[in-house]
Amino acid sequence: MTHDDIRSWLRQTEPGRLESLWKHADDVRRECVGDEVHLRGLIEISNHCSRQCLYCGVRADRTGLPRYRMTAGEILAAADKAVALGYGTVVLQSGEDWSIEARWLAEVIRRIKAETPLAITLSLGERTNDELALWRDAGADRYLLRFETSNKALFARIHPARPGAEPRDRLAILRYLRAMGYEIGSGVMVGIPGQSLDDLARDIELFGELDLDMIGLGPFIAHPDTPLGRDGQAWCLPPGEQAPADELTGCKAVALARIVCPRANIPSTTALATLNAEGGRQLGLARGGNVVMPNLTPPAYRAMYEIYPGKASCGETDEFDRQVKAGIVAMGRTIGRGRGDSGAYRLRQAPGPMKA
Ligand code: 5AD
């Protein structure tokens, strides 16, 4: 698919044409990753953050938000819950919290790996190469770092560098993670004020160039206690140019991501479920997605991990688990078994043809 194809799909409004996009994405999904929907237990281990991202509700200088950091015991208990529910992976996610000491986390990773069969995905921000290497050695399998937008000027505007530090290049970090042997995941927000439809088309093209193992995509949801939530309107491009932060554009991005990265694991994200509580999650799965990430963060902390308002919290853990599994079966899909490694990653690891 060329840049122009992606661009024109993003502008497409004709229902019959869109049906053919959904069908194509669903066909590619079935053929390349099958009917299994993998469940990843999301553990939001800390909402402390040293960064000032203009879109995010846990940004450092947001006052009035209570902060928490889970103990090793709490993280291990949540991992045990993932095992009990039959999940193959836990995702340890946090703000960019430099008080999460690298060696401490390496020990937590080692214990999860020793005590459970779980795959571990990390999503902890722009940590140093040495730390990323330490966690890989401890047994971490995958790393998620969204590049948020491929438009460099827009990225710099919404994502100020860490005070006193040089800006980091997220694409370079992703390349390093891949060289370390991690499965790599990235993605963007859809409809950030100032993001054009051309930017979004370029983002999707870049997913293919990076040959991502995992792709996380969700509509931007304005948070009133952030600079973009307060003045986002003023940043928006003229209608027709600005990428809309809506369900339709979110679904198009998922479908196009599936087509450019046929073997990637693509979640139907919480942001989609937040915009449409009844059907968002199902739509994501029907239009290219093959992963759901139920929240296993202890309920007392969940409300504090407020990256955007109204974040679908998944409700009570066991009840949500039942609902999600029933929803998957009702769609004619199956519940993923095992770790659910990315097919792209497996292909890359496989020994190539013998060279003469
Ligand atoms: N709306 C939608 N997504 C958001 N994220 C952060 N803030 C928002 C928001 N206001 C996304 C970012 C980040 C991921 C964990 O959550 O893409 O990488």
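So, how was this worked out
- Residues numbered from 1 in each chain as written.
- Predicted model: local features only at pLDDT ≥ 70, side-chain atom pairs only at ≥ 80, totals over all residues.
- Heavy atoms only, no water.
- Buried < 20%, exposed > 50% of the residue type's maximum accessible area, 1.4 Å probe, protein only.
- Helix = DSSP H or I, 4+ residues; strand = E, 2+ residues; numbered from the N terminus.
- Pairing = 2+ DSSP bridges.
- Right-handed = clockwise from strand over helix to strand, strands pointing away.
- Near = heavy atom within 4 Å.
- Polar contact = N/O pair within 3.5 Å; in protein donor to acceptor, adjacent residues only side chain to side chain.
- Areas by Shrake-Rupley, 256 points an atom, 1.4 Å probe, with all protein chains shown as cover.
- Nonpolar A, V, L, I, M, F, W, Y, C, P; charged D, E, K, R; others polar.
- Phe/Tyr/Trp six-rings, centres within 6.5 Å; stacked < 30°, edge-to-face > 60°.
- Lys NZ or Arg CZ within 6 Å of the ring centre and 35° of its normal.
- Arc of directions from axis to C-beta.
- Contact = heavy atoms within 4.5 Å.
- Core = buried A, V, L, I, M, F, W, Y, C linked by side-chain atoms within 4.5 Å.

## Observations concerning the pairing of strand β6 (residues 214-219)
- Along β6, six of the six residues are buried, which leaves the element largely enclosed by surrounding structure.
- Judged by which residues are buried, β6 turns out to be covered on both faces: M214, G216 and G218 on one side and I215, L217 and P219 on the other are all buried.
- Where strand β5 (residues 183-190) and β6 come together, six bridges link them in parallel fashion. From the neighbouring strand, S186 faces β6, where its bridge partner is I215.
- Between the parallel elements β5 and β6, the chain passes through helix α8 (residues 197-210) in a crossover that is right-handed.

## Topic: the site of the ligand
- Around the ligand sit Y55, C56, Q93, R146, E148, M189, P219, F220, I221, I307 and Y308, and that is every residue in its neighbourhood.
- At 3.0 Å from a nitrogen atom of the ligand is found a main-chain nitrogen or oxygen belonging to Y55.
- Contact distances for the ligand include 2.6 Å between an oxygen atom and a side-chain N or O atom of E148.
- Starting from 400 Å² of accessible surface for the ligand in isolation, the protein chains cover 87%.
- Residue composition of the shell around the ligand, by class: eight nonpolar, one polar and two charged.

## Things to note about the packing of aromatic side chains
- Taken as a whole and assessed by the stated rule, the structure comprises three aromatic pairs.
- Look at Y143 and Y182: their rings are 5.9 Å apart centre to centre, the planes differ by 80 degrees, and that puts the pair in the edge-to-face class. Of this pair, Y143 sits in strand β4 (residues 142-144) while Y182 sits in the loop between α7 (170-179) and β5, and the two are 39 residues apart along the sequence. With respect to burial, Y143 and Y182 carry one shared label: buried.
- The ring of Y182 has R136 sitting right over it, with the charged end atom 5.7 Å from the ring centre.
- The cationic tip of R287 hangs over the ring face of W22; the distance from NZ or CZ to the ring centre is 4.0 Å.

## Some words on α7
- By the burial criterion, the buried members of α7 are R170, L171, I173, L174 and L177. Down the axis of α7, the buried side of the element spans an arc of 155 degrees, and every buried residue falls inside it. Exposed residues on α7 whose side chains face more than 90 degrees from its buried face are R175 and A179.
- Among the structural elements, α5 (129-138), β4, α6 (152-158), β5 and α8 are those in contact with the buried residues of α7.
- Backbone nitrogen of L171 and a side-chain oxygen of the N-cap are separated by 2.9 Å at the start of α7; the cap is D169.
- In the stretch just after α7, G181 is the one whose phi turns positive, near 100 degrees.

## A look at the nonpolar core
- The biggest cluster of nonpolar side chains holds 79 residues, and the ones touching the most others in it are L92, L105, L122, W135 and F207.
- In this structure, W135 is in contact with A102, L105, A106, I109, L122, L124, R127, A140, Y143 and Y182, ignoring residues within four places of it in sequence.
- Grouped together as the second largest cluster of nonpolar side chains are 14 residues, Y55, L65, I158 and I192 included.

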